[in-house]
Amino acid sequence: MVVRQLWPYLDEVISEPQRERILHHLEQCTDCTSHFDFARAFLNAVSAAAPKLDASDALRSRVIEALTAEGFVPAGD
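Within each chain, residues carry numbers counting from 1 in the order of the written sequence. With pLDDT at 70 or above as the cut-off, local features in this predicted model cover only qualifying residues; side-chain atom pairs require 80 or more to be listed or tallied, and sums for whole chains, interfaces and linings still use all residues. Remark: hydrogens and water are excluded; side-chain values derive from all non-hydrogen atoms of the structure.

A.B. asks: Would you mind going over helix 4 (residues 57-69) with me for this structure?
C.D. replies: Because each turn of an α-helix spans 3.6 residues, side chains separated by three or four positions in sequence point in the same direction. Comment: elements are numbered from the N terminus, with helices defined as DSSP H or I runs of at least four residues and strands as E runs of at least two. The length a helix should cover is 1.5 Å for every residue beyond the first. With 13 residues, helix 4 should reach 18 Å at 1.5 Å per residue; the first-to-last C-alpha distance of 18 Å fits that figure. Positive backbone phi, approximately 105 degrees, marks Gly-71, located one or two places after helix 4.

So this is what it looks like as structure tokens:
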């Protein structure tokens, strides 16, 4: 159960009680901790490899519109 929640946890899109449960579980479960460590390292590597862009609001809007047209639901919607 915790492994399925690691990506939302790392994206900080879970509730505080869920976050606390995951942290408590990770303190005790080495299997889940290894998944967590991999996921965090993966996100850090992607972030480090990504070019730093200063995207305009217009570009951001066009990208979101294109993604929405393909079925993507932006966070908060």
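Read on for the rest.
A.B. asks: Teacher, can you tell me more about the nonpolar core here?
C.D. replies: When a protein is soluble and globular, its nonpolar side chains tend to lie buried together. Core analysis: the biggest nonpolar cluster contains ten residues, these being Val-2, Leu-6, Tyr-9, Leu-10, Ile-22, Leu-26, Cys-29, Cys-32, Phe-36 and Ala-39. Residue assignment for this core shows that the elements contributing at least two residues are helix 1 (6-10), helix 2 (16-28) and helix 3 (30-49). Buried Ala, Val, Leu, Ile, Met, Phe, Trp, Tyr and Cys residues form a nonpolar core when they are joined through side-chain atoms within 4.5 Å. Any residue under 20% of the maximum accessible area for its type is buried, any over 50% is exposed, and the rest in between are partly exposed; the area is computed with a 1.4 Å probe on protein chains only.

A.B. asks: Any chance you could explain the environment of Pro-51 here in plain terms?
C.D. replies: The topology assignment puts Pro-51 in the loop between helix 3 and helix 4. We classify Pro-51 as exposed; its relative accessible area is 61%.

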